Every structure is written in structure tokens, then in C-alpha cells.
Amino acid sequence: MTQDKLKKAVGWAALKYVKFNSIIGVGTGSTVAHFIDALGTIKYHIKGAVSSSDISTAKLKNLGIPVFDCNTVDMLDVYVDSADEINKQKQMIKGGGAALTREKIIAAIANKFICIIDESKQVSILGKFPFPVEVIPMARSAVARELVRLGGLPEYRQNVITDNGNEILDVHYLQIVDAIALENTINCIAGVVSVGLFANRGADLVLVATTNGVMVIE
């Protein structure tokens, strides 16, 4: 089974966790794109969605699914998104698509965060995939120096501006043993908007596409 078929399988599997007449939190990426396709088949049974990126918003609207401003929504029953890496504690690295800040906001107002991945995303220790840090443009170099002091190698993601108008530093070569502590430390660096470590707010449920079907981790 190809990786795209695995992504499709898990994207559609998430549909069973969507409650009718609710507003759904929707993430970003190729796996989530399959979930959005699935969501389109029940669009008349849901109120709409809150989206984490302009790309997902465009796809939702193209399918005729209403998109709500996050400020108009008190809470979400469920938020469905993928991850670049996830460990056994359901802590994640996210933000390969540069939507990490909006993803964190939506995850924060969701009662349940469902992470949909293929089995290649599972790791014992986070850090092989470089984790992103969204920064205010004028602070990029200052933040990079602090990240070096923490033992990482930050790389400026060239020609990428986030939907919030900021820049991305991708941090390489850190084995993340205590993801919560590192997330908290980086969040305190002046100029950091958010960090793509989802440890304080990890996933509540993980759906993993394997060659033998979709596995549920609670």
C-alpha cells in the first residue's frame, strides 16, 4: 500500500469521530486533505469548520463547507490534524506546513485532539524531524542564537512566510527527551510566536494507518 493510500485510509477513518451538527477543527497537510474530502461527504450534517491554514480553508470552501472565524467559536468538540512525528506519550512535532501557531490555537479550544498519521510518523524519541519555531521577523537572528545555546542547529526556512506574516526557523539535531520542558523554554524566548512541539497539549487519540488497517491508540 502506498503512503498516500495509508493517508487516505486514516483520513477517512477519522470521520467516525465527527458529531453531526457540530463545528469541526481542521488541521493542515496531505493527510488532513483526505479528511477534508471525507468531511465533504457529510457537509450537510455539520455546521462547518475552523481551519488552521489558508490552504485548508480554501479546500473546505471549495467543497461547500462553511468556515468559521476562531473568535466566534467558544469550543470545538474535536480537532483533527496530523503530525510530522509522534511519540508514545502522544506528544508531537508539527509545523512542517508552517501552520503551527494556528494549529496550537485550535487544539487549545478543542475537547478532543485526534491525530491522524501513517505508521512512518511514530518515533520513540522526538527530534529526527526538525521542529519549527515561528518567529517575529526582526527577532529571527536573536532567537536563532538562543536555540544554538540550547544545543540545536536552527535553519531559516527560506522564502516561507506564515499565514500570520512571520518566519520559520527549523531546529535540527536535538533529541527531545523532555518535550514539555523544551516547549516551555522556547516559548519564553523573546520574539518566539510558537514552537512546533505539541507536548503540553498532546493528542488525546491517535489513528495510525498501517498495512493491516487503521490502529487506534488511546
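These lines cover the structure that appears in this document, whether it is placed above or below. Here the residue index of a chain counts from 1 through its sequence in written order. Per-residue local features of the predicted model are confined to residues with pLDDT of at least 70, and side-chain atom pairs are confined, for both listing and counting, to 80 or more; whole-chain, interface and lining totals are unaffected and use all residues. Computation of side-chain values: all heavy atoms of the structure, hydrogens and water removed.

**Notes on unusual backbone geometry**
Although it is not a glycine, Asn21 adopts a positive phi angle of roughly 65°. Only DSSP runs of H or I reaching four residues or more are called helices, and only runs of E reaching two or more are called strands; each is numbered from the N terminus. Examined against the element boundaries, Asn21 turns out to sit in the loop between helix H1 (3–13) and strand S1 (23–26). Look at Asn159: it is not a glycine, yet its phi comes out positive at around 60°. The residue Asn159 is located in the loop between strand S8 (153–156) and strand S9 (167–172) in this model. Judged by its relative accessible area of 78%, Asn159 is exposed. Throughout this description, buried means an accessible area under 20% of the type-specific maximum (1.4 Å probe, protein chains only), exposed means over 50%, and partly exposed covers the range between.

**Topic: helix H5 (residues 140–149)**
Among the residues making up H5, those that are buried are Val143, Ala144 and Leu147. Taken around the axis of H5, the buried residues stretch over an arc of 105°, which confines them to a single face. Residues of H5 that are buried sit in contact with strand S7 (131–135), S8, S9, helix H6 (179–187) and strand S10 (192–195). Positive phi shows up at Gly151, right after H5, with a value of about 105°. In this context, the arc is that of the directions from the helix axis out to the C-beta atoms. Two residues form a contact once any of their heavy atoms are found within 4.5 Å.

**Considering the sheet that holds strand S12 (residues 205–210)**
Two strands pair under a simple rule: DSSP has to find at least two bridges between them. Overall, mixed pairing links the 6 strands, which are arranged S2-S1-S3-S6-S12-S13 in an open sheet. Strand pairing shows two members of the sheet lacking a second neighbour, strand S2 (48–51) and strand S13 (213–217), which therefore form its edges. Strand after strand, the sheet turns through a mean of 25° between neighbouring axes, direction not considered. Two strands pair when backbone bridges link them, and strand S3 (residues 76–81) and strand S6 (residues 110–118) are joined in this way by 5 bridges, in the parallel orientation. Residue Val80 lies in a different strand from S6, and its bridge partner there is Ile114. The convention used is that axes are lines fitted to C-alpha atoms, helices contributing only their stretch in contact, and that angles between N-to-C directions extend from 0 to 180 degrees. Of the strands in this sheet, S1, S3 and S6 touch helix H2 (residues 30–40), which is tilted by about 160° from S1. Against the sheet, helix H4 (residues 100–108) touches S1, S2, S3 and S6, its axis set at about 145° to S3.

Worth remembering: the numbers are spatial, not functional.
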